[in-house]
Structures are given as C-alpha cells and as structure tokens.
Amino acid sequence: MSILWYPLAAMLGGVIGAIVHEATHALAAHLLGEIVAVGWVGGINGGPYVDFHVDSRWRSEVVRKAPLVLGVAAAIVVLLSFDGLSAWWMFGAGCVAGLILMSPEDLFI
C-alpha cells in the first residue's frame, strides 16, 4: 500500500466528519426547536451553517455542543480501536477531527 493513501483517507474522513458535524446540529435543532436555514456562508473560504430557533438557553447549548459530544465519543472509539497505523484508522481520525472542529458560534452565543 502506498503511503499516499493515509493522507487521502484522513482528508476524506475530515470531509465526512464536517458533514456529520452540521447534520448533528440540524438533527438537534429539529428535535429541540426549529431549523430556520441551512446553507453556506463566506464564499470559497467559508463554511456550512445551520441557523435555528429554540425556546431556552439550555436547548441552544445542546444544539451548539451536540457535535462536540458526538466527536468526543467517536474519538474514544477510534483511540480504543488503534492497533497500528492503517488507512481505515486515518479515515476514522479524520472523521473525528471534522466532528470536533468547532466554530466560534458553536462555542459562544
């Protein structure tokens, strides 16, 4: 196996992790309130967003922190499954990185 598969697997995992990150926001917003908009902001250097409305501060915190909780759980699973460097493990690590990557809006109101 070529060493080039490792960074490619990690990058693919990062893209999938970022998609799951935003989908987690959308799912939590749907369950705890309402989704106002989903889209892309900031042009080519920007990123996806989920705009939502909920009735209380704790629900807002749950929606904004849900990907972080899922990412920490996924990180534990990926770390416990490590049995040597492989393309599948790099893919999992990339997924975790995409899930845990938080924007300022995710951390602060």
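These numbers come from a predicted model, not from an experiment.

As for its placement among the helices and strands, H21 is situated in helix α1 (residues 5-32). Overall, the relative accessible area of 3% leaves H21 in the buried class. Within the local environment of H21, its side chain forms a polar contact with the backbone oxygen of L99, the two atoms lying 2.8 Å apart. If we ignore the near neighbours within four places in the chain, the residues touching H21 are P67, G98, L99, L101, M102 and D106.

So, about the layout of surface pockets. The computed volume of the largest pocket comes to approximately 550 Å³. Taken together, 21 residues make up the lining of the largest pocket; nearest its centre are E22, P48, S103, E105 and D106. Residue assignment for the lining of the largest pocket shows that the elements contributing at least two residues are α1, β2 (47-53), α2 (57-80) and α4 (104-107).

Reading the values: rules and limits
- Residues numbered from 1 in each chain as written.
- Predicted model: local features only at pLDDT ≥ 70, side-chain atom pairs only at ≥ 80, totals over all residues.
- Heavy atoms only, no water.
- Helix = DSSP H or I, 4+ residues; strand = E, 2+ residues; numbered from the N terminus.
- Buried < 20%, exposed > 50% of the residue type's maximum accessible area, 1.4 Å probe, protein only.
- Polar contact = N/O pair within 3.5 Å; in protein donor to acceptor, adjacent residues only side chain to side chain.
- Contact = heavy atoms within 4.5 Å.
- 1 Å grid on protein atoms, 1.4 Å probe; cavity = no way out; pocket = protein on both sides within 12 Å on 5 of 7 lines; lining within 4 Å.
- Points joined across faces, edges and corners; volume = space filled by probe spheres on them.

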